[in-house]
Amino acid sequence: MQALRLAARRAAGEALLECSTSGRQPGALAQACRAFSAAAAELAPGGITLAAELRGSVGSIAANKLRKGGKTPGIVFSGPGEEQQLLAFDATSLSKLVTKLGRTAWACTIFNLQVRRDDGSSATLRALGRQVHMTADTDAVENVTFIYCPPERQVRVEVPLKVIGDDVCPGIKAGGRVNWIRRTIPCLARGDAIPQDFTVDISKMAMNDKMSFEALQLPEGVSLFKVNPALPILKVAK
């Protein structure tokens, strides 16, 4: 089974490399997506389902044309052969999802991208959200990026920090507030172990108490990335 998966990934890389170097577009991209999906389909369970379609053109002119047609361009990086997959998403559906998740949560959420192929069939690609680019004046989603994320892959993520117990926190009742030193926690995690957030309880914190990285409960498959565990992540202070 492992040999078959490695062979599928090599095929995916070769197919997409052919697309990028030969200039072929719809047909070659469909072939690449099929090869890409052979390596990824069995890795799809879990995550949020998001419909997508192949796009064959690159550049600002092609992207603007997509947007005028109600689509939002996207890209999946670091495929099985370190290739890229160019996709397009329904702008309305994508905007609603970004609003629901927020840009911070987007970057630690696994998506099952259901990619529609030229022949009408679809293939599923497991990917981790990376970035959401929005216009400064209207907050419209300009483009989105993902990274291919099979369960065994180690990925860097910024996991949101969530506080509970603030309604009974002695320090806050004494006139203090939560002083956020870190709002996200840099982690290295397996693709099947990415936390949605780190929840910390401050219900017993007094004025000027600090909480450090050491207080975080790290699930199996997750480690802090390049941080000193003794450093504070928040403080209750005036």
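Preceding block: the structure.
To start, this report covers the structure provided alongside it. What you see is a predicted model; the values in this text were computed from it and never measured. (Residues numbered from 1 in each chain as written. Predicted model: local features only at pLDDT ≥ 70, side-chain atom pairs only at ≥ 80, totals over all residues. Heavy atoms only, no water.)

**Focus on the nonpolar core**
Nonpolar side chains in soluble globular proteins tend to be buried together.
Thought 1: I194 and L234 are the most contacted members of the largest nonpolar core, which totals 28 residues.
Thought 2: For this core, the secondary-structure elements that each account for two or more residues are strand 7 (154-164), strand 9 (184-190), strand 10 (198-201) and strand 13 (232-237).
Thought 3: Broken down by element, this core gets its largest block of residues, five residues, from strand 7.
Thought 4: When residues no more than four places from it in sequence are discounted, the contact partners of L234 are L161, V163, V178, N179, I181, V200, I202, M205, D209, K210 and M211.
Thought 5: Counting residues in hydrophobic clusters, the runner-up holds 20 residues, among them A52, L54, F111 and L125. (Core = buried A, V, L, I, M, F, W, Y, C linked by side-chain atoms within 4.5 Å. Buried < 20%, exposed > 50% of the residue type's maximum accessible area, 1.4 Å probe, protein only. Helix = DSSP H or I, 4+ residues; strand = E, 2+ residues; numbered from the N terminus. Contact = heavy atoms within 4.5 Å.)

**Some thoughts on unusual backbone geometry**
Thought 1: One non-glycine residue, D139, lies in positive phi territory at about 65°.
Thought 2: Along the chain, D139 falls in the loop between strand 5 (122-134) and strand 6 (141-148).
Thought 3: Overall, the relative accessible area of 48% leaves D139 in the partly exposed class.
Thought 4: Positioned with a positive phi, K226 is a non-glycine residue whose angle comes to about 55°.

**Observations regarding the pattern of salt bridges**
Thought 1: For the structure on display, the rule yields five salt bridges.
Thought 2: A salt bridge links R182 to E158, with the shortest nitrogen-to-oxygen separation between them at 3.9 Å. Taken together, the positions of R182 in the loop between strand 8 (177-180) and strand 9 and E158 in strand 7 put the pair 24 residues apart, joining distant regions of the chain.
Thought 3: The class for R182 is partly exposed, based on a relative accessible area of 26%.
Thought 4: The exposure class assigned to E158 is partly exposed, which follows from its relative accessible area of 32%.
Thought 5: R190 is paired through a salt bridge with D192; the nearest N and O atoms lie 3.0 Å apart.
Thought 6: Overall, the relative accessible area of 29% leaves R190 in the partly exposed class.
Thought 7: Through salt bridges with shared partners, a single ionic network connects E53, K71 and R116. (Salt bridge = Lys/Arg side-chain N within 4 Å of Asp/Glu carboxyl O.)

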